[in-house]
Amino acid sequence: MTLQTTGTERPAAVQRVTGVRQYEAWQLGELPPVEEVRPGLWSIPVPMPRNPLRYVLVYALALDDGLALIDVGWDAEESWRALVDGVRQTGHDITEVRYAAITHLHPDHFGLAPRLRAVSGAALAMHAADATLLGHHTPDDTERNEAGWARQLTRLGAPRTVIEADPVSLVRFGAGESVDIVLEDGARLDLPGWDLRAIWTPGHTAGHLCFADDSRGVLLSGDHMLPRISPNISTIPGELVDPLHRYLHSLHATAALPEHEVLPAHEYRFSGVAARARGLLEHHEERFAEILADVAAHPESTAWEVTERVTWSRPFDTMTPRLHRLAVRETDAHLLVLADRGAVRLLAGDPDRWIVDTPTESARP
Ligand SMILES: [Zn+2]
Ligand SMILES: [Zn+2]
């Protein structure tokens with residue numbers, strides 16, 4: 001007997017919380033417990049001091065001769081102690097970690113990697129596009145990098161107070177570290193007993209990876225897909241030219257993945273891969289519509305001026321200069337996709353300005 005396929009789309013699954021204890025802890029403002037999600041697969045919350053995301057979920061996988069980790073947590077003493085203690089609750093010791101795969105090069109995911117390697121000798125695995133940034137740490141790199149940020153923010157029309165308030169460079173952690181294993185899209189992780197494959201999902205960073213284990217029905221989604229918030233997608237000078245375009249592409253690919261339980265790096269576990277991916281795509285479409293309407297109402301605006309007027313999760317004038325930077329770079333990412341779609345046009349200048357793109361006479365049929 002053969003199974004008939006209908007040729008239509010699979011039924012639309014809804015998004016549902018599966019990490020109930022994590023969800024309850026999230027609501028109460030507490031740290032969730034270490035949980036064994038599948039036999040030999042644990043989630044370990046590692047706190048992020050003074051950060052509204054509160055914790056990163058590190059995943060530990062049992063091996064014949066120790067443990068593998070997916071992400072390792074923020075570099076702080078409190079975080080390290082939580083990681084060591086969480087690993088102990090799996091029946092292992094931190095010195096037994098053999099392998100650490102990092103979803104992406106952000107400090108909450110990579111931060112403890114040097115310390116972990118120093119005590120365990122764990123092999124470090126990442127995607128090449130993020131791994132390459134580990135080399136950018138000389139004083140010259142930092143200077144060049146900060147000049148690049150200042151140029152970008154000036155071009156976007158950000159005021160001097162925002163440009164100069166808080167100079168941050170892209171990756172100031174992990175200096176001198178190098179990666180042992182470069183993971184490409186589709187790569188099988190060399191972890192005996194596991195069926196884990198890397199899925200390249202650029203957008204949040206250039207080298208972001210998710211990991212799927214089809215036999216256990218799990219998708220470890222890093223920051224690519226979280227149950228509640230939409231990850232920050234913003235232009236990064238010298239790195240990601242069109243991050244939102246890539247992110248939307250990654251989301252479309254994610255929507256076609258098997259309907260596994262999602263094990264994210266923050267918040268709580270959930271099911272409904274396609275539903276969440278579609279929800280995030282819709283969120284960005286709403287954002288495009290709002291930004292396009294704003295440019296239509298205020299021609300020749302800078303990205304900064306648009307950013308000041310569109311809605312944010314908190315009042316714009318209560319945000320710190322660092323959040324203002326994130327916000328204006330997010331707006332920039334949306335404007336670039338709108339330009340790519342032919343909806344808006346850039347008037348290059350100092351700063352750049354945006355207008356709604358109307359077809360010229362010659363372009364009309
Ligand atoms: Zn991140
Ligand atoms: Zn994160």
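Refer to the preceding data block for the structure.
Here is what the cut-offs are and how they apply
- Residues numbered from 1 in each chain as written.
- Chains lettered and ligands numbered in written order.
- Predicted model: local features only at pLDDT ≥ 70, side-chain atom pairs only at ≥ 80, totals over all residues.
- Heavy atoms only, no water.
- Pairing = 2+ DSSP bridges.
- Helix = DSSP H or I, 4+ residues; strand = E, 2+ residues; numbered from the N terminus.
- Contact = heavy atoms within 4.5 Å.
- Axes fitted to C-alpha atoms, helices over the stretch in contact; angles between N-to-C directions.
- Donors = N, O, S within 2.8 Å, 3.2 Å for Na, K, Ca; no water.
- Buried < 20%, exposed > 50% of the residue type's maximum accessible area, 1.4 Å probe, protein only.
- Salt bridge = Lys/Arg side-chain N within 4 Å of Asp/Glu carboxyl O.
- Expected span 1.5 Å × (residues − 1).
- 1 Å grid on protein atoms, 1.4 Å probe; cavity = no way out; pocket = protein on both sides within 12 Å on 5 of 7 lines; lining within 4 Å.
- Points joined across faces, edges and corners; volume = space filled by probe spheres on them.
- Nonpolar A, V, L, I, M, F, W, Y, C, P; charged D, E, K, R; others polar.
- Parallel < 35°, antiparallel > 145°, perpendicular 65-115°, else oblique.

Engineer: Looking at this structure, how should I read the sheet that holds strand 2 (residues 35–38)?
Structural biologist: Strand-to-strand pairing in sheets goes through backbone hydrogen bonds, with the strands running parallel or antiparallel. Taken together, seven strands build an open sheet; the order of strands is 2-3-4-5-6-7-8 and the sheet is mixed. The sheet is open, and its two borders are formed by strand 2 and strand 8 (181–182), each paired with just one other strand. In the sheet, strand 5 (residues 66–70) pairs with strand 6 (residues 97–101) via four bridges, with the strands oriented parallel. Looking at the pairing, Ile70 lines up with Ala101 of strand 6. Against the sheet, helix 1 (residues 20–28) touches strand 2, strand 3 (41–47) and strand 4 (55–63), its axis set at about 155 degrees to strand 4. Those strands touched by helix 4 (residues 113–120) are strand 5, strand 6 and strand 7 (123–126), and its axis lies near 160 degrees from that of strand 6.

Engineer: It is not clear to me how the coordination of the zinc ion (ligand 1) should be interpreted in this structure. Could you clarify?
Structural biologist: Those protein atoms acting as donors to the zinc ion (ligand 1) are His104 (NE2), His106 (ND1), His204 (NE2) and Asp223 (OD), and they sit at 2.1 to 2.3 Å. Counting along the primary sequence, the residues that act as donors to the zinc ion (ligand 1) give the motif H-x1-H-x97-H-x18-D. Between the two metal centres, the zinc ion (ligand 1) and the zinc ion (ligand 2), the spacing is 3.6 Å, with Asp223 acting as a shared donor. Take His106: its relative accessible area is 23%, and that puts it in the partly exposed class.

Engineer: Please clarify how the pattern of salt bridges should be interpreted in this entry.
Structural biologist: When charged atoms on two side chains of opposite charge get close, those side chains can pair. One pass over the full model with this rule turns up 19 salt bridges. Between Arg160 and Glu164 there is a salt bridge; the shortest N-O distance is 2.7 Å. Residue Arg160 and its partner Glu164 are located together in helix 7 (residues 160–165), separated by four residues, close to a single helical turn. A relative accessible area of 47% means that Arg160 is categorised as partly exposed. What makes Glu164 exposed here is its relative accessible area of 52%. Connected through shared salt-bridge partners, Glu35, Arg38, Glu261 and Arg269 make up one network.

Engineer: I keep staring at helix 11 (residues 321–340) and nothing clicks. Help me out?
Structural biologist: In an α-helix, one turn spans 3.6 residues, which is why side chains three or four residues apart end up on the same side. A rise of 1.5 Å per residue sets the reference length of helix 11, with its 20 residues, at 28 Å; its end C-alpha atoms lie 29 Å apart and thus fit the reference within 8%. Looking one or two residues beyond helix 11, the residue adopting positive phi is Gly342, at roughly 80 degrees.

Engineer: For this particular structure, what's the right way to read empty space enclosed by the protein?
Structural biologist: Leftover empty space is mapped by rolling, across the atoms, a probe with the size of a water molecule. As enumerated under the stated definition, the model contains one cavity of 30 Å³ or more in all. In terms of lining residues, the largest cavity is bounded by Leu57, Tyr59, Ile70, Asp71, Thr103, Leu220, Ser221, Gly222, Leu263 and Ala265. Elements represented by at least two residues in the lining of the largest cavity include exactly strand 4 and strand 11 (218–222). Residue contributions to the lining of the largest cavity peak at three residues, all from strand 11. Classifying every residue of the lining of the largest cavity gives six nonpolar, three polar and one charged.

Engineer: What exactly am I supposed to notice about the packing of helix 9 (residues 273–297) against helix 11 here?
Structural biologist: If you want to describe how two helices pack, look at the angle between their axes and the distance between the axes. One can describe the packing of helix 9 onto helix 11 by two numbers: an axis separation of 10 Å at closest approach and a directional angle of 85 degrees. With respect to their mutual orientation, helix 9 and helix 11 come out roughly perpendicular. For the pair helix 9 and helix 11, contact is made by His284, Arg287, Phe288, Ile291, Leu292 and Val295 and by Thr331, His334, Leu335, Val337 and Leu338, respectively. Split into classes, the residues belonging to the contact of helix 9 with helix 11 amount to seven nonpolar, three polar and one charged.

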